[in-house]
Amino acid sequence: MNGATLTLPAPAKLNLMLHILNRRPDGYHELQTLFQFLDYADELGFALREDGEIRLHTEIAGVPHDSNLIVRAAKQLQQLTGCTLGADLWIDKKLPMGGGIGGGSSDAATTLLGLNHLWQLGLSADQLAELGLKLGADVPVFVRGHAAFAEGVGEKLTPIELEEPWFLVVIPQVLVSTAEIFSDPELTRDSPPIKVRSLLEGGGRNDCQPVVQKRYPEVHNALILLNKFVQAKLTGTGACVFGSFPNRADADKVARQLPVTLPSFVAQGRNISMLHRKLETLAGK
Ligand SMILES: C[C@](O)(CO)[C@H](O)COP(=O)(O)OP(=O)(O)OC[C@H]1O[C@@H](n2ccc(N)nc2=O)[C@H](O)[C@@H]1O
Ligand SMILES: Nc1ncnc2c1ncn2[C@@H]1O[C@H](COP(=O)(O)OP(=O)(O)OP(=O)(O)O)[C@@H](O)[C@H]1O
């Protein structure tokens, strides 16, 4: 990250509940989900290049340079705007991949906002969210940076004020493929639509959980274990599972009792993402 002139966080999200309403003809699913951010993030570094090249200098195992969502986001932004500037990019990857906490999507959103700033493009949040949606269903919420009730495939966002408890997030050592879970014939796809006000009634169910638990014993076991201490839930399509606590000390106490084979982290839930708080500081607000 040494050459970076700008560093920005790409925070994690949790799906506090997730209902699947139906499957669209294009295979995507209409959802209702509640997003909140965590103060736990990847860190991205940016430096301007005059030659138009996009170079990510950090390798992520299993993700080729040109498939990395950071590189794809940067190139799409160049294409959309005709910008002739480029960038050197670095990432300090903290968020587990395939964890359901939105790592790749958040990296993409931070890239879009970071380069919009560095290249002085002046694109609006609406324009960046529209571009982000082409990269992944979760990108728009990270672009907007406010906790939200999401509908559609995750892009119709109603900002919401939630309590900001502390979460213990447990990371089963397995990669869950989102596409695989959404194509499982046993997935519940007919949850009735609910209104924002009745959101957390029913305990914040996640319709993906039964299918993920059945296919991935590691996730099943983590849920059983965490449930001994707190109501445990799956985020997104997993693999991560989480429980909420009124303060950091209570969450840390449970974390210390987990087996060493089951990594975890503790972070506060936040309604304004770390990225947007940092951008506000940069703008001198
Ligand atoms: C499950 C969530 O994590 C909830 O926040 C997201 O909706 C998934 O978002 P994401 O990882 O950005 O997902 P994408 O990269 O857009 O899609 C991955 C795959 O999941 C399936 N998919 C995803 C989102 C959605 N609403 N319906 C789907 O059926 C599609 O098969 C797609 O090919
Ligand atoms: N910068 C990136 N960080 C992580 N994964 C990336 C990145 N770029 C591309 N990918 C690919 O995206 C896949 C999904 O990664 P990600 O960490 O976003 O999953 P996830 O946490 O399950 O996401 P979601 O909660 O949005 O479903 C990875 O397995 C990897 O192949």
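Residues numbered from 1 in each chain as written. Chains lettered and ligands numbered in written order. Predicted model: local features only at pLDDT ≥ 70, side-chain atom pairs only at ≥ 80, totals over all residues. Heavy atoms only, no water.

Caption draft 1: Quick look at the site of ligand 2. Ligand 2 sits among 20 residues. The nearest are Asn 68, Leu 69, Gly 100, Gly 104 and Asp 138. Lys 13 places a side-chain nitrogen or oxygen 3.1 Å from an oxygen atom of ligand 2. Here a nitrogen atom of ligand 2 and a side-chain polar atom of Asp 107 are 3.0 Å apart. Taken together, the residues of the shell around ligand 2 sort by class into 6 nonpolar, 10 polar and 4 charged. (Near = heavy atom within 4 Å. Polar contact = N/O pair within 3.5 Å; in protein donor to acceptor, adjacent residues only side chain to side chain. Nonpolar A, V, L, I, M, F, W, Y, C, P; charged D, E, K, R; others polar.)

Caption draft 2: Region of interest: the packing of helix α2 (residues 103-118) against helix α9 (residues 274-282). At their nearest, the axes of α2 and α9 sit 11 Å apart, and the two run at 10 degrees to each other. With respect to each other, α2 and α9 are oriented roughly parallel. Listed contacts from α9 to Thr 110, Leu 113 and His 117 of α2 are Leu 275, His 276, Leu 279 and Leu 282. A breakdown of the residues in the contact of α2 with α9 according to their chemical character gives 4 nonpolar, 3 polar and no charged. (Axes fitted to C-alpha atoms, helices over the stretch in contact; angles between N-to-C directions. Helix = DSSP H or I, 4+ residues; strand = E, 2+ residues; numbered from the N terminus. Parallel < 35°, antiparallel > 145°, perpendicular 65-115°, else oblique. Contact = heavy atoms within 4.5 Å.)

Caption draft 3: Structural view of the UniProt feature "domain: GHMP kinase N-terminal" (unreviewed entry) in the protein chain. Per the UniProt entry, the sites bearing "domain: GHMP kinase N-terminal" (unreviewed entry) are residues 68-145 in this numbering. What you have in residues 68-145 is 56% helix and 9% strand, and the ends, taken at the C-alpha atoms, are 21 Å apart. (UniProt positions renumbered as here; feature names shortened; annotations may be inferred.)

Caption draft 4: Seen up close, the nonpolar core. One finds Phe 46, Leu 77, Leu 112, Leu 115, Trp 119 and Val 143 to be the most contacted residues of the largest nonpolar core, which totals 40 residues. In terms of residues, this core owes the most to one element, α2, which gives 6 residues. Residues within four places of Phe 46 in sequence aside, it is in contact with Ala 4, Thr 5, Leu 6, Leu 8, Asp 88, Leu 89, Trp 90, Thr 110, Thr 111, Gly 114, Leu 115 and Leu 118. With 30 residues, the next largest nonpolar core counts Val 212, Val 230, Ala 232 and Val 266 among its residues. (Core = buried A, V, L, I, M, F, W, Y, C linked by side-chain atoms within 4.5 Å. Buried < 20%, exposed > 50% of the residue type's maximum accessible area, 1.4 Å probe, protein only.)

Caption draft 5: View of the pattern of salt bridges. Using the criterion set out here, one finds 18 salt bridges in the structure. Ionic pairing is found between Glu 164 and Arg 270, a salt bridge with its closest N-O pair at 3.7 Å. Within this pair, whereas Glu 164 is found in the loop between β6 (156-159) and β7 (166-170), its partner Arg 270 is found in strand β10 (residues 264-270), the two being separated by 106 residues in sequence. Glu 164 sits in the partly exposed class, given a relative accessible area of 31%. With its nearest N and O atoms 2.8 Å apart, the salt bridge here joins Arg 205 to Asp 207. Judged by relative accessible area, Arg 205 falls into the partly exposed class, the value being 39%. Look at Asp 207 and you get buried, because its relative accessible area is 5%. A network of salt bridges, in which partner residues are shared, links Asp 39, Glu 164, Arg 270 and Arg 277. (Salt bridge = Lys/Arg side-chain N within 4 Å of Asp/Glu carboxyl O.)

Caption draft 6: Structural detail: the packing of helix α1 (residues 69-81) against α2. Orientation of α1 relative to α2, taken along the N-to-C sense of each, is 35 degrees, at an axis distance of 8 Å. As α1 runs across α2, the sense of the crossing is right-handed. Contacts between α1 and α2 pair Leu 69, Ile 70, Ala 73, Ala 74 and Leu 77 from the former with Gly 104, Ser 105, Asp 107, Ala 108, Thr 111, Leu 112, Leu 115 and Asn 116 from the latter. Residues that form the contact of α1 with α2 fall into these classes: 8 nonpolar, 4 polar and 1 charged. (Left-handed = near helix turned anticlockwise from the far one by under 90°.)

Caption draft 7: Quick peek at the environment of Gln 127. Take Gln 127: it is sitting in helix α3 (residues 125-133). The spatial distance from the C-alpha of Gln 127 to the C-alpha of Val 143 is 9.9 Å, given a sequence separation of 16 residues. Side-chain polar atoms of Gln 127 contact the backbone nitrogen of Ser 124, separated by 2.9 Å.

Caption draft 8: Inspection of the site of ligand 1 at higher detail. Around ligand 1, the structure places 16 residues, and the nearest of them are Asn 15, Tyr 28, His 29, Ala 137 and Asp 138. At 3.3 Å from an oxygen atom of ligand 1 is found a side-chain nitrogen or oxygen belonging to Lys 13. Between ligand 1 and Val 153 there is a distance of 3.4 Å, counted from a nitrogen atom to a backbone nitrogen or oxygen. For ligand 1, whose free accessible area comes to 640 Å², the fraction covered by protein is 81%. A breakdown of the residues in the shell around ligand 1 according to their chemical character gives 8 nonpolar, 6 polar and 2 charged. (Areas by Shrake-Rupley, 256 points an atom, 1.4 Å probe, with all protein chains shown as cover.)

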